[in-house]
Amino acid sequence: MTTIGTKTENHQNKGKLGTFSGVFTPSVLTILGIILFLRLGYVVGNAGFGRALIIITLANAISVLTSISLSAIATNIKVKGGGDYYLISRTLGSEFGGAIGLVLFLAQSVSIAFYCIGFGEAVTVLLPQNIFANPRIIAVLAISFLFVFAWLGADWATRFQYVVMALLVGALFSFFVGGIPRWEFSTVVENWKPQAERLDIWVLFAIFFPAVTGFTQGVSMSGDLKNPGSSLPVGTFMAVGISIIIYFGAAVVFAGVLPKEMLIQDYNAMKRVARFNFLIDAGVVAATLSSAMASFLGAPRILQSLASDRIFSFLLSFDKGYGPLNNPRRAVLLSAAIALGTIGLGQLNLIARVVSMFFLISYGLLNYATFYEARTASPSFRPKFKWFDLRLSLLGFLACLLVMLAIDFKVGLISVSILFAIYQYLKRTSGPARWADSRRSYYLQRVRENLLNAYIEPEHDRDWRPQILAFSKYAERRPGLLRFASWIGGRSGLTTVVKILEGEGVRMLKLQEESESELRSDIAAHGFAAFPLVVFAPDLDIALNTLIQSTGVGPLKANTILLNWLDPESEIKNDQREINFGRSLRAAYRLGRNIVVLSADEDKWNTLENIPGENRRIDVWWLNDATSRLMLLLGYLITRSEPWDAAKIRVLAAGYKANTPENLTDLKNNLEEARIEAEPIIVTNADIDKLSKYSADAAVVFLPFRLWGDQVTCPIDVPIEEIVSRLPVTAFVLEAEDIALDAEPEEGTAGEMATAMDALADAEKKAVEAEKEASRTREIAETAGAKLLELENNTQHTEEDVRTKLKAAAVNAEKEADKAFRKAAKARAKVEDAAKIVKDLDPTAELKEKKEQ
């Protein structure tokens with residue numbers, strides 16, 4: 001890897017091409033190709049000028065959107081050789097990059113043949129009729145001619161392209177000079193609508209779209225550029241911008257000069273418009289040769305970059321380059337061979353459609369890669385190109401996908417299938433990553449978003465899954481512990497393997513690093529899905545308490561402690577060791593963590609491994625309590641992993657005083673409510689002999705345990721040491737949280753929240769009604785008071801009894817208003833109380849409101 005990286009870096013430093021010669025020239029010469037000269041008029045005539053503008057706009061919109069994505073990603077990393085392949089592989093990974101790199105190499109190599117056949121057909125038309133000329137023979141000669149420039153290197157090829165560009169500029173000058181003076185608006189009006197018998201717009205779009213597929217040709221030259229970070233966006237936008245102006249301008253001239261019948265019938269309509277016909281012929285020849293030359297330069301460099309990255313072992317020999325610019329001559333030979341083979345193969349139309357689809361896929365993936373990179377929100381994504389928005393990249397990706405399906409659904413499906421097959425091959429065969437792509441950033445961003453979303457949702461027993469802290473001190477007992485952790489995780493939980501070191505000082509940092517490396521090696525060696533964690537502290541009890549409380553993030557906290565039972569082979573055997581063990585378990589239990597203690601030695605593991613999957617049985621000793629429910633759930637989770645998927649669960653109920661039909665029915669009902677298939681058996685007066693009788697031949701046994709002070713005891717009144725010696729692999733379990741196996745969606749915090757929300761809504765409604773009533777009574781009281789005041793000002797005209805009645809009415813109205821306002825205040829207080837209950841039940845309510853806003 002070091003050699004490869006150095007070689008690529010040196011190659012990068014030796015690049016000599018600038019923006020104009022390395023990016024703009026190959027891109028614009030490929031865009032302004034054979035479609036401009038021989039098919040643009042046909043599209044305008046068939047589609048009508050109005051629809052032709054839509055076709056040109058849609059096609060160029062894809063090129064503009066992809067150019068924006070290209071500029072963003074090219075200014076975010078140091079671009080080396082390989083163009084599109086390099087950008088996509090460094091973002092989406094080697095599998096996507098290798099697949100698109102291989103198909104792009106093939107597509108560009110085949111494109112050499114197509115452009116040269118177009119050159120052959122153009123030359124055949126120009127030659128006198130008495131001279132025999134075969135387009136394929138001329139195409140072979142053209143490939144041989146271009147091969148010389150590709151063999152000599154990019155600097156020689158760009159000199160040839162300057163000649164081609166001069167011819168192209170002359171042809172366009174002749175066309176516009178001849179067309180503009182003859183342009184008439186009335187002709188535009190006649191050509192605005194399509195003729196009655198017209199081709200479908202998507203057929204015409206498929207004919208025109210190859211015109212804009214050359215804007216990434218400059219990207220393929222990235223390894224030969226002096227400064228690809230600035231040259232790629234500037235050169236690409238220059239080429240795209242100028243080509244857009246030329247295509248729209250040419251369409252306007254065609255629509256305003258020639259009638260639609262002539263545009264449809266004559267592919268050489270441009271010669272009828274041009275001032276000098278011979279320049280158009282020269283332009284057609286130049287366009288085909290320039291496009292072929294650009295592909296001859298781009299394809300070998302993609303292959304060389306693929307070989308340098310060692311993705312395909314059979315391509316390693318193409319890594320070798322020659323000369324100061326590391327010219328990929330071996331890849332040039334292969335591209336030439338593919339082009340010559342394509343000419344002799346035939347079926348060019350079918351292959352052409354597949355090649356067009358490959359280009360569309362590459363543009364789509366380039367847009368998606370940029371969206372993917374931006375979507376990670378990684379601090380490392382800092383493109384210098386500022387006119388970028390990830391929504392534009394997503395729009396570009398979707399546009400490419402829709403256009404593929406619209407142009408030719410079957411061919412598009414074939415192209416995607418080929419790419420997917422290569423991707424799957426690389427996914428199975430590729431080794432460790434050779435570079436850092438954006439996938440890890442994307443996963444971390446998803447973790448962040450999902451954790452935040454999970455945090456604002458209320459907890460429920462239906463969401464419970466084991467988040468395991470597996471404490472492992474001795475390496476020889478670690479594989480079994482990790483294996484059991486993966487089983488009870490049931491592909492739903494997460495396991496962190498923990499090792500605690502006792503000590504302090506700088507030397508502990510070295511020991512911590514070595515121990516974490518040891519844990520990583522053990523995890524990788526056995527293929528377990530777990531995270532390593534090593535901590536050190538001067539005191540083990542403090543480390544344990546701190547670790548259990550702090551492990552996890554947000555809603556993802558450890559809820560289950562897993563550890564091995566005391567080693568029976570240990571030379572240190574004393575009561576203090578067992579007391580310390582029990583004290584550690586009690587500390588974890590008091591912190592609200594479930595505890596699973598695994599008892600299994602090497603012989604027991606060997607016995608278990610020899611039991612076929614379909615003959616394995618899991619015994620759960622049931623006491624009809626929270627620990628029993630947890631054991632049953634862990635037993636079920638084991639059956640979600642191979643080879644346990646055919647294992648049977650047996651529930652041995654030791655909590656019933658008698659084996660009666662009623663008790664058996666009760667046990668069956670418990671299992672039915674838990675929705676776990678198991679065989680129920682009632683065992684009365686359980687002791688060590690019955691434990692051994694029923695479970696000695698089981699694969700795994702789950703037994704409850706209790707903590708009596710700092711002593712570990714079994715509620716089935718059997719010494720733990722005797723159980724360990726007489727039973728197979730056994731897991732002793734103590735619950736710290738009651739998990740309702742029959743929990744309904746409406747129960748728990750969610751149900752309480754719904755009830756509280758309903759109460760809040762009812763209180764709010766009553767408060768609003770009370771406030772309206774208070775306002776109404778206040779208006780009545782104010783009206784009565786106003787009338788009373790008016791009567792008192794006119795005492796000479798008002799009788800005494802009338803005044804008395806009005807005064808009483810006013811006083812009564814005032815009392816009713818006060819009463820209504822007090823009622824409204826009480827209603828509003830109830831609203832506040834209900835809101836407080838809602839907030840207490842859901843402390844994340846404010847986060848939810850902010851998220852919705």
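Calculation rules
- Residues numbered from 1 in each chain as written.
- Predicted model: local features only at pLDDT ≥ 70, side-chain atom pairs only at ≥ 80, totals over all residues.
- Heavy atoms only, no water.
- Core = buried A, V, L, I, M, F, W, Y, C linked by side-chain atoms within 4.5 Å.
- Buried < 20%, exposed > 50% of the residue type's maximum accessible area, 1.4 Å probe, protein only.
- Helix = DSSP H or I, 4+ residues; strand = E, 2+ residues; numbered from the N terminus.
- Pairing = 2+ DSSP bridges.
- Axes fitted to C-alpha atoms, helices over the stretch in contact; angles between N-to-C directions.
- Contact = heavy atoms within 4.5 Å.
- pLDDT = per-residue confidence, 0-100.
- Right-handed = clockwise from strand over helix to strand, strands pointing away.
- Salt bridge = Lys/Arg side-chain N within 4 Å of Asp/Glu carboxyl O.
- Patch = residues over 30% accessible without salt bridge, like charges linked within 9 Å, V, L, I, M, F, W, Y side chains within 5 Å.
- Areas by Shrake-Rupley, 256 points an atom, 1.4 Å probe, with all protein chains shown as cover.
- Phe/Tyr/Trp six-rings, centres within 6.5 Å; stacked < 30°, edge-to-face > 60°.
- Lys NZ or Arg CZ within 6 Å of the ring centre and 35° of its normal.

**A look at the nonpolar core**
Then step 1. Membership of the largest hydrophobic core comes to 139 residues, with the highest contact counts inside it found for L36, F37, F208 and Y247.
Then step 2. In terms of residues, this core owes the most to one element, helix 6 (residues 94-126), which gives 16 residues.
Then step 3. Judged by nonpolar contacts, the second largest core, of 44 residues, contains L637, V733, I739 and L741.

**With respect to the sheet that holds strand 14 (residues 730-734)**
Then step 1. Strand order across the open sheet formed by 10 strands is 3-2-1-6-7-14-11-8-9-10, with mixed pairing between neighbours. The sheet is open, and its two borders are formed by strand 3 (531-537) and strand 10 (679-682), each paired with just one other strand. Strand after strand, the sheet turns through a mean of 25 degrees between neighbouring axes, direction not considered.
Then step 2. One ladder, built from six bridges, connects strand 8 (residues 617-622) with strand 9 (residues 648-653); its direction is parallel. Looking at strand 9, one finds that D619 is bridged to R650.
Then step 3. Each of strand 8, strand 9 and strand 10 is contacted by helix 26 (residues 661-674), which is oriented at about 145 degrees to strand 10, the strand it contacts most.

**So, the confidence of the model for the chain**
Then step 1. Looking at the chain as a whole, its pLDDT mean stands at 85, while 87% of the residues score no less than 70.
Then step 2. When mean pLDDT is taken per element in the chain, strand 8 scores highest with 96 and helix 1 (residues 2-13) scores lowest with 39.
Then step 3. Taken together, the stretch residues 1-13 has pLDDT below 50 and engages in 20 contacts with residues farther than four places along the chain or on a different chain.

**What to know about the pairing of strand 10**
Then step 1. Sheet topology places strand 9 next to strand 10; four bridges connect them, and they run parallel. Residue pairing in the sheet places R650 in a bridge with E679 of strand 10.
Then step 2. Between strand 9 and its parallel partner strand 10, the chain crosses via helix 26, and the hand of that crossover is right-handed.

**Looking at the pattern of salt bridges**
If charged atoms from side chains of opposite charge come close, those side chains can pair.
Then step 1. Counted according to the given criterion, the structure contains 18 salt bridges.
Then step 2. Among the ionic pairs, R439 bridges to E95, the shortest N-O distance being 3.0 Å. Here R439 is found in helix 19 (residues 439-455), whereas its partner E95 is found in helix 6, with 344 residues between them in sequence.
Then step 3. Of the residues examined, E95 reaches a relative accessible area of 10% and is grouped as buried.
Then step 4. The salt bridge partner of E516 is R520, with a shortest N-O separation of 3.0 Å. With E516 and R520 both in helix 21 (residues 507-526) and four residues apart, the pair spans about one turn of that helix.
Then step 5. E516 gets classed as partly exposed once you look at its relative accessible area, which sits at 23%.
Then step 6. Judged by its relative accessible area of 47%, R520 is partly exposed.

**Regarding a nonpolar patch on the surface**
Then step 1. Judged by side-chain polarity, L398, L401, L405, F409 and L413 come together as a nonpolar surface patch covering roughly 450 Å² of accessible area.
Then step 2. With three residues, helix 17 (residues 390-407) is the largest single contributor of residues to the nonpolar patch.
Then step 3. In this structure, L401 sits in helix 17.

**What to know about the packing of aromatic side chains**
For any pair of aromatic rings, the description rests on two quantities: the centre-to-centre distance and the angle between the ring planes.
Then step 1. Evaluation of the coordinates by the stated rule reveals 36 aromatic pairs.
Then step 2. Here the aromatic rings of W202 and F205 are separated by 5.5 Å at their centres, their planes lie at 70 degrees, and the arrangement is edge-to-face. Separated by three residues within a single helix, W202 and F205 lie in helix 10 (residues 201-208), roughly one turn from each other.
Then step 3. An aromatic cluster is defined as three or more aromatic residues linked by ring pairs; in this entry it consists of Y368, F371, Y372, F397, Y442 and Y443.
Then step 4. If you follow R616 out to its NZ or CZ, it ends over the ring of W644, 4.8 Å from the centre.

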